[in-house]
Amino acid sequence: MLQNVATNAGVLVALVLVYAALSWPFEEADPQERARRINRRRLVCGLLFGLGAILTMNLPVTVVQGVIVDGKTVILSLAGAYLHPLGAGMALAVAGSYRWNLGGAGVVPGVAILVGVTLVGLLWGAQRKRMLRAWGAPGSVTAATLWLLTLGLASSALAVALVLLLPASIRWGVLERVALPVMLIFPPVTLAFGWMFE
């Protein structure tokens, strides 16, 4: 289990490094070619985030048969918050398709969680400037910390709530097992890795 946690963390660090490497500005003179290259880069970033989410799904903590908990929710919420909607959509399509193909009792809530946390990330990304102004100056460390922490809290709370989509026979047992760990672990993990994107 500790090895899986460490590998999940390593995947997040790798995504941060790739994101940084792909974030350089283009010097392309032709505006149309520049736009095409930017969109290709957005799709590549999204593909890599999606593949990162798949990798974490292959290193899960299994709660009950067919129900897994892993770092994919953190990856997808950060994809929504930091990537362009085109990239976030690509990440969601890749990770969501894979989770659907995994099947199991958790397939419906699993895919719903991926969609939900990506949308939360997109909302936080779209409202970033307004939120930062509300909590202080846009360059403030405190404001950025609150922005990331609330992103983690909102994504985690939604993920826990969507566990209710599980079959009734296992719903409450799974909720009892995952609610506290998810709410205690995922927000600070989102904060820690979100800071690397800053």
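Look up: the structure comes first, before these words.
Now for a quick tour of the structure. Computed from a predicted structure; not experimentally measured.

## Focus: empty space enclosed by the protein
Under the criterion given, the structure shown has two cavities of 30 Å³ or more. If you add up the space inside the second largest cavity, you get close to 40 Å³. Thr73, Val74, Ser77, Gly152, Ser155, Ser156, Phe186 and Thr190 are the residues that line the second largest cavity. Secondary structure elements with two or more residues in the lining of the second largest cavity: α3 (72–82), α7 (141–162) and α8 (168–197). The class makeup of the residues in the lining of the second largest cavity is two nonpolar, six polar and no charged.

## Re a nonpolar patch on the surface
On the surface, a nonpolar cluster with roughly 270 Å² of combined accessible area is contributed by Val13, Leu17 and Met196. Along the chain, Leu17 turns up in helix α1 (residues 2–21). Assessed through its relative accessible area of 57%, Leu17 is described here as exposed.

## Things to note about the side chain of Thr73
For Thr73, the location among the structural elements is in helix α3. The contacts of Thr73, once residues within four sequence positions are left out, are Ile113, Val117 and Phe186.

## Overview of the nonpolar core
Ranked by size, the top nonpolar core spans 45 residues in total, and within it Phe49, Ile75, Leu76, Leu78, Tyr82, Trp147 and Phe197 carry the most contacts. Of all the elements in the fold, those that place two or more residues in this core are α1, α2 (31–57), α3, α4 (85–102), α5 (107–126), α6 (128–135), α7 and α8. Top contributing element to this core by residue count: α8, with eight residues. Look past the residues within four positions of Ile75 in its chain and what remains in contact with it is Val11, Leu12, Leu15, Phe49, Gly52, Ala53 and Thr56.

## Considerations on α7
Taking 1.5 Å per residue, 22 residues should reach 32 Å; α7 reaches 32 Å between its end C-alpha atoms and fits that length. Near the N-terminus of α7, the side chain that reaches the backbone nitrogen of Thr142, with its oxygen 3.2 Å away, is that of Ser140.

## Quick notes on the environment of Val115
Tracing the sequence through the fold places Val115 in helix α5. Of the residues examined, Val115 reaches a relative accessible area of 34% and is grouped as partly exposed. Distance in space between the C-alpha atoms of Val115 and Leu76 is 8.5 Å, their sequence separation being 39 residues.

## Some thoughts on the environment of Pro85
Relative to the helices and strands, Pro85 resides in helix α4. Along the sequence, Pro85 and Ala126 sit 41 residues apart, while their C-alpha atoms lie 9.8 Å from each other.

Rules behind the numbers
Residues numbered from 1 in each chain as written. Predicted model: local features only at pLDDT ≥ 70, side-chain atom pairs only at ≥ 80, totals over all residues. Heavy atoms only, no water. 1 Å grid on protein atoms, 1.4 Å probe; cavity = no way out; pocket = protein on both sides within 12 Å on 5 of 7 lines; lining within 4 Å. Points joined across faces, edges and corners; volume = space filled by probe spheres on them. Helix = DSSP H or I, 4+ residues; strand = E, 2+ residues; numbered from the N terminus. Nonpolar A, V, L, I, M, F, W, Y, C, P; charged D, E, K, R; others polar. Patch = residues over 30% accessible without salt bridge, like charges linked within 9 Å, V, L, I, M, F, W, Y side chains within 5 Å. Areas by Shrake-Rupley, 256 points an atom, 1.4 Å probe, with all protein chains shown as cover. Salt bridge = Lys/Arg side-chain N within 4 Å of Asp/Glu carboxyl O. Buried < 20%, exposed > 50% of the residue type's maximum accessible area, 1.4 Å probe, protein only. Contact = heavy atoms within 4.5 Å. Core = buried A, V, L, I, M, F, W, Y, C linked by side-chain atoms within 4.5 Å. Expected span 1.5 Å × (residues − 1). Polar contact = N/O pair within 3.5 Å; in protein donor to acceptor, adjacent residues only side chain to side chain.

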